[in-house]
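# Overview (structure and organization)
Take a look at the letters that make up each chain.
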Amino acid sequence: MAFSLLAGCTSAAEPTPAGEYSSSEFTAASKCQQCHAIIHYQWEGTMHANAYADPLYQREFHAAGKDTEGLVDEFCSRCHTPIGVLAGEIPPADGSQLSEIAHEGVQCDFCHTVSGSNGTGNAPFIASPGNMKWGPFNDSKSAYHASEYLELHTQSEFCGMCHQVSHPVNGLVIDDTYSTWKESYYGQNGVTCQDCHMSPGITEFKANPGRSASSSVKREHISLHGTVGGNAFVTGMLGAEKQRKLAIERLQKAATLSLDAPLTANKGNNVTIEVAITNSGAGHMLPTGVSEIRQLWLQVEVTDSKGQNIYSTAKVGSSPGMEPGMMYNTVLGDGAGNETLSFWLADRVIADNRIAPRETVIEEHTFTLPENTAYPVTVLATLKYMSAPQGLVDHLFGEGVHEVPVISMVQASGSIYDPDRPVEAQAETPGFTAPMAAVALIALTLLLTLLNPEKKQ
Ligand code: HEC
Ligand code: HEC
Ligand code: HEC
Ligand code: HEC
Ligand code: HEC
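Residues numbered from 1 in each chain as written. Chains lettered and ligands numbered in written order. Predicted model: local features only at pLDDT ≥ 70, side-chain atom pairs only at ≥ 80, totals over all residues. Heavy atoms only, no water.

As annotated in an unreviewed UniProt entry, the protein chain carries the name Cytochrome c family protein and comes from Methanolobus chelungpuianus.

In structure tokens form, the structure reads like this:
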């Protein structure tokens, strides 16, 4: 064992150490599928099912192992292939000793034989593989296995075992999904991770009546196991189409935008617009998780009625001469104070611009209307998300091998008219008032987003 992951824990219920079990003590997901076919169908293709196979993880895991001379091999694996660690099959980091079941990542039998935990963060789970499956029901009966209610499975603390990561040596908090949830309105009002991530509600709990096994009773709520976040990149890379679409849908429900622009402005004048971005749907920071590699930014484009570009914030890959946009993510620094995307080398947070749960941030943009402006002028603001910077992906996989999709999360638009003419007269369609035109434009852009959510730039 490289070093203790859990130094300082004093509770009697110690987390299960590496190598405590053999992988044959766990049951493959294909066995559970025989009766829990729907749940299996939802789980396969998720980032949980791919937590080990994930090619982006694999590249980063090997880079981390190299940078730290293997010090983090067990650390990373405890969340990404828990069975591999419990069975003592990893390290070695090359995966040569890993059983087939350890490749299933975060799978059914691992989660349902967790019998307790020693708090949250850095995977302090207590694993008790065997016939007993713990879950949310206190009256379930199965001919195949024993079952029992465990409150932990119904609480955010279950997810918080892994969705809270701190650096194993210097303690720097790298993933604060659980703790930011806990402090938020949601954490304070009992809205759990499961409510948003295992129910059809996405941003709140919504019941999903049905049967959890082919032969079982009908229940008022069966949790969904398609636990998606915003990863439309790796799911796409792996051909997990269903999960990719769910990730896009979730991103499009996470935030709202509102745009404040003057109704009229003169040529030659400076115009200031305000865009308010609200994290209205995520129960944690937006973005969260590996937020040093997630990319979230507002793109603002101003064009006149002849299509002339008046103002643009930087697009991905930034062409020279464009205004820089604000990136909403975290910037980590290494021991020398240099920015790094390699969180295993980080010992400080240089910047944190993420949007807190229910927080609204306001961005101001100022531009000048040129003398040849053709009215009306359209202002379009779009909140965009990328799972990782293209440069990092090119560095890890080779130039141009994988294109990271740019997801349009939400848009807002407005029009600026000529102050020298009545605003109503400037609407293109006769009888169309300016506010109606604005509404129509919003409806149109919304439609375009829905039809083509990944439209580039
Ligand atoms: C032979 C059919 C069968 C197989 C195979 C099977 N289950 Fe079940 N399981 C059931 C039935 C039936 C129930 C009861 C469902 C209910 O009451 O709604 C159940 C209930 C559960 C519950 C709910 C327990 C609770 O008290 O909340 C969990 C968790 C569970 N199964 C996990 C698994 C896992 C993990 C596997 C694979 C290792 C598995 N099951 C394999 C039939 C099966
Ligand atoms: C990340 C851990 C995790 C994984 C992986 C996982 N489950 Fe679950 N499962 C849960 C949690 C948590 C709940 C309870 C959620 C709630 O209702 O609060 C649950 C609920 C259940 C239930 C009770 C019925 C329901 O859906 O509410 C069954 C049965 C079940 N899981 C079976 C499975 C099977 C089969 C697989 C694999 C195909 C699986 N689970 C994978 C965490 C997991
Ligand atoms: C054993 C550790 C573990 C537990 C417990 C766990 N997760 Fe995860 N989860 C992971 C890992 C590791 C990944 C990332 C895999 C990857 O991207 O390579 C992940 C990914 C996810 C994602 C997808 C993120 C994205 O970017 O799309 C969501 C959503 C998620 N988990 C929600 C939950 C919820 C909700 C629970 C509790 C019911 C939970 N997880 C419990 C380890 C865990
Ligand atoms: C109020 C609903 C809500 C709650 C509560 C909630 N989430 Fe989320 N979660 C979302 C939405 C919406 C997104 C998509 C936006 C985003 O990526 O942040 C998301 C995204 C994620 C992601 C992917 C983040 C990324 O960009 O890589 C993970 C991982 C995740 N959630 C885990 C959790 C865990 C763990 C909890 C509980 C501690 C939790 N969520 C609680 C709604 C919620
Ligand atoms: C305590 C649990 C835990 C540990 C330890 C851990 N991770 Fe993760 N990892 C997660 C979770 C949870 C996510 C999902 C967060 C999200 O999607 O935003 C994740 C996501 C990732 C991702 C993003 C994958 C993607 O598809 O976007 C990479 C890369 C990654 N981890 C690498 C590592 C490396 C390398 C290590 C060791 C230095 C490590 N992780 C240690 C829980 C953990």
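### Quick word on the site of ligand 1
Short version of the rule: Throughout, near means a residue has at least one heavy atom within 4 Å of the molecule or strand. For this analysis, a polar contact is any N or O atom pair within 3.5 Å, provided that within protein one partner can donate a hydrogen and the other can accept it, and provided that sequence-adjacent residues contribute only side-chain to side-chain pairs. Working definition: helices are DSSP H or I runs of at least four residues, strands are E runs of at least two. Numbering for both runs from the N terminus. Under the convention adopted here, Pro, Cys and the residues Ala, Val, Leu, Ile, Met, Phe, Trp and Tyr are nonpolar, Asp, Glu, Lys and Arg are charged, and Gly plus all remaining residues are polar.
The full set close to ligand 1 counts 25 residues, and Cys-32, Cys-35, His-36, Phe-137 and His-145 are the nearest of them. Here His-145 contributes a side-chain N or O atom positioned 2.8 Å from a nitrogen atom of ligand 1. Here an oxygen atom of ligand 1 and a side-chain polar atom of Arg-219 are 2.7 Å apart. Among the elements of the structure, helix H1 (29–33), helix H6 (108–112), strand E3 (132–135) and strand E4 (146–149) are those that each provide at least two residues to the shell around ligand 1. Taken together, the residues of the shell around ligand 1 break down into eight nonpolar, eleven polar and six charged.

### Here's the deal with the coordination of the iron atom of ligand 3
The line we're drawing: Metal donors were taken as nitrogen, oxygen and sulfur atoms no farther than 2.8 Å from the ion, or 3.2 Å where the ion is Na, K or Ca. Water is excluded, so coordination may look unfinished. Irregular is the label for any site that misses the other tests, which are tetrahedral for four donors with all angles between 85 and 135 degrees, and square planar for four donors or octahedral for six when opposite donors exceed 155 degrees and the remaining angles lie between 65 and 115. The rule is simple: take the accessible area with a 1.4 Å probe, protein chains only, and divide by the maximum for that residue type; under 20% is buried, over 50% is exposed, in between is partly exposed.
Of the protein atoms, only His-48 (NE2) and His-163 (NE2) coordinate the iron atom of ligand 3, at distances of 2.0 to 2.1 Å. Its six donor atoms give the iron atom of ligand 3 angles of 85 to 180 degrees at the centre, a pattern that matches the octahedral case. Of this pair, His-48 sits in the loop between helix H2 (37–43) and helix H3 (55–67) while His-163 sits in the loop between helix H7 (156–160) and strand E5 (165–166), placing them 115 residues apart in sequence. Residue classification places His-48 among the partly exposed positions, given a relative accessible area of 27%.

### Structural notes on the environment of Ala-64
Convention followed: Contacts are assigned to residue pairs that have any heavy atoms within 4.5 Å of one another.
Along the polypeptide, Ala-64 turns up in helix H3. The exposure class assigned to Ala-64 is buried, which follows from its relative accessible area of 1%. Separated by twelve residues in the primary sequence, Ala-64 and Cys-76 have C-alpha atoms spaced 9.1 Å apart. Non-local contacts of Ala-64, meaning those with residues more than four positions away in its chain, are made with Val-72 and Trp-344.

### A closer look at the environment of Asn-270
Locating Asn-270 in the fold gives a position in strand E8 (residues 270–278). For Asn-270, a relative accessible area of 56% translates into the label exposed. Put simply, Asn-270 and Thr-366 are 96 residues apart on the chain and 6.5 Å apart in space, counted from C-alpha to C-alpha. Setting aside chain neighbours within four positions, we find Asn-270 in contact with Thr-366, Phe-367 and Thr-368. Side-chain polar atoms of Asn-270 contact the side chain of Thr-368, separated by 2.8 Å.

### Considerations on the coordination of the iron atom of ligand 2
The iron atom of ligand 2 binds to the protein through His-112 (NE2) and His-225 (NE2), with metal-donor distances spanning 2.0 to 2.1 Å. Residue His-112 is classed as partly exposed on the basis of its relative accessible area, which comes to 26%. Among the residues examined, His-225 registers a relative accessible area of 19% and is labelled buried.

### With respect to the sheet that holds strand E11 (residues 330–334)
Heads up, the rule is: The rule for pairing is simple: two strands pair if DSSP sees at least two bridges between them.
Strand order in the open sheet made by the three strands is E12-E11-E13, with antiparallel pairing throughout. On the outer flanks of this sheet lie strand E12 (339–340) and strand E13 (346–352), each paired with one strand and no other.

### A short note on the packing of aromatic side chains
To keep things clear, this is the line we draw: To pair, rings of Phe, Tyr and Trp, with the six-membered ring standing in for Trp, must have centres within 6.5 Å; the planes then decide the type, stacked if under 30 degrees apart, edge-to-face if over 60, and tilted in the middle. Look at NZ for Lys and CZ for Arg. If either is within 6 Å of the ring centre and within 35 degrees of the ring normal, a charge sits over the ring.
Taken as a whole and assessed by the stated rule, the structure comprises seven aromatic pairs. Positioned above the aromatic ring of Phe-125 is the side chain of Arg-78, whose terminal nitrogen or guanidinium carbon lies 4.3 Å from the ring centre. Positioned above the aromatic ring of Phe-137 is the side chain of Arg-219, whose terminal nitrogen or guanidinium carbon lies 3.8 Å from the ring centre.

### Observations regarding the site of ligand 4
In the neighbourhood of ligand 4, 28 residues make up the surrounding shell, with Cys-193, Cys-196, His-197, His-284 and Tyr-385 lying closest. Between ligand 4 and the protein, one listed contact pairs an oxygen atom with a side-chain N or O atom of Arg-294 at 2.8 Å. Side-chain polar atom of Tyr-385 to an oxygen atom of ligand 4: 2.7 Å apart, as the coordinates give it. Within the residue set of the shell around ligand 4, elements represented by two or more residues are helix H8 (177–183), helix H10 (193–197) and helix H12 (241–254).

### Description of the packing of H3 against helix H13 (residues 390–397)
To keep it simple, the criterion reads: For helices, the fitted line uses only the C-alpha atoms of the stretch in contact; every axis is such a line through C-alpha atoms, and the angle between N-to-C directions lies from 0 to 180 degrees. Angle categories: roughly parallel below 35 degrees, roughly antiparallel above 145, roughly perpendicular from 65 to 115, and oblique for all the rest.
Relative to each other, H3 and H13 sit at 70 degrees, their axes nearing to 10 Å. Compared by their axis directions, H3 and H13 come out roughly perpendicular. Where H3 abuts H13, its residues Pro-55, Leu-56, Arg-59 and Glu-60 lie against Leu-392, Leu-396 and Phe-397. Across the contact of H3 with H13, the residue classes break down as five nonpolar, no polar and two charged.

### Here we look at the pattern of salt bridges
In a structure, side chains of opposite charge can pair up when their charged atoms sit close to one another. Spelled out, the test is: Throughout this description, the term salt bridge denotes a Lys or Arg side-chain nitrogen within 4 Å of a carboxyl oxygen of Asp or Glu.
According to the stated counting rule, one finds eight salt bridges in the structure shown. The salt bridge involving Glu-241 is made with Lys-245; its shortest N-O contact spans 3.9 Å. On the criterion of helical spacing, the pair formed by Glu-241 and Lys-245 is a turn pair, its members being four residues apart in helix H12. By relative accessible area, which is 37% here, Glu-241 ends up partly exposed. Two residues, Asp-352 and Arg-354, come together in a salt bridge whose shortest N-O distance is 2.9 Å.

### Things to note about empty space enclosed by the protein
Filter applied, for reference: Whether a set of points on the 1 Å grid over the protein atoms alone is a cavity depends on a 1.4 Å probe fitting there but being unable to get out, while an open set qualifies as a pocket with protein on both sides within 12 Å along at least five of seven lines; lining residues are those with an atom within 4 Å of a point. Grid points are joined across faces, edges and corners, and a volume is the space filled by probe spheres set on the points.
On inspection of all chains with the given rule, the structure shows one cavity of 30 Å³ or more. Each pocket or cavity is described by its volume, and for the largest cavity that value is around 40 Å³. A breakdown of the residues in the lining of the largest cavity according to their chemical character gives seven nonpolar, one polar and no charged.

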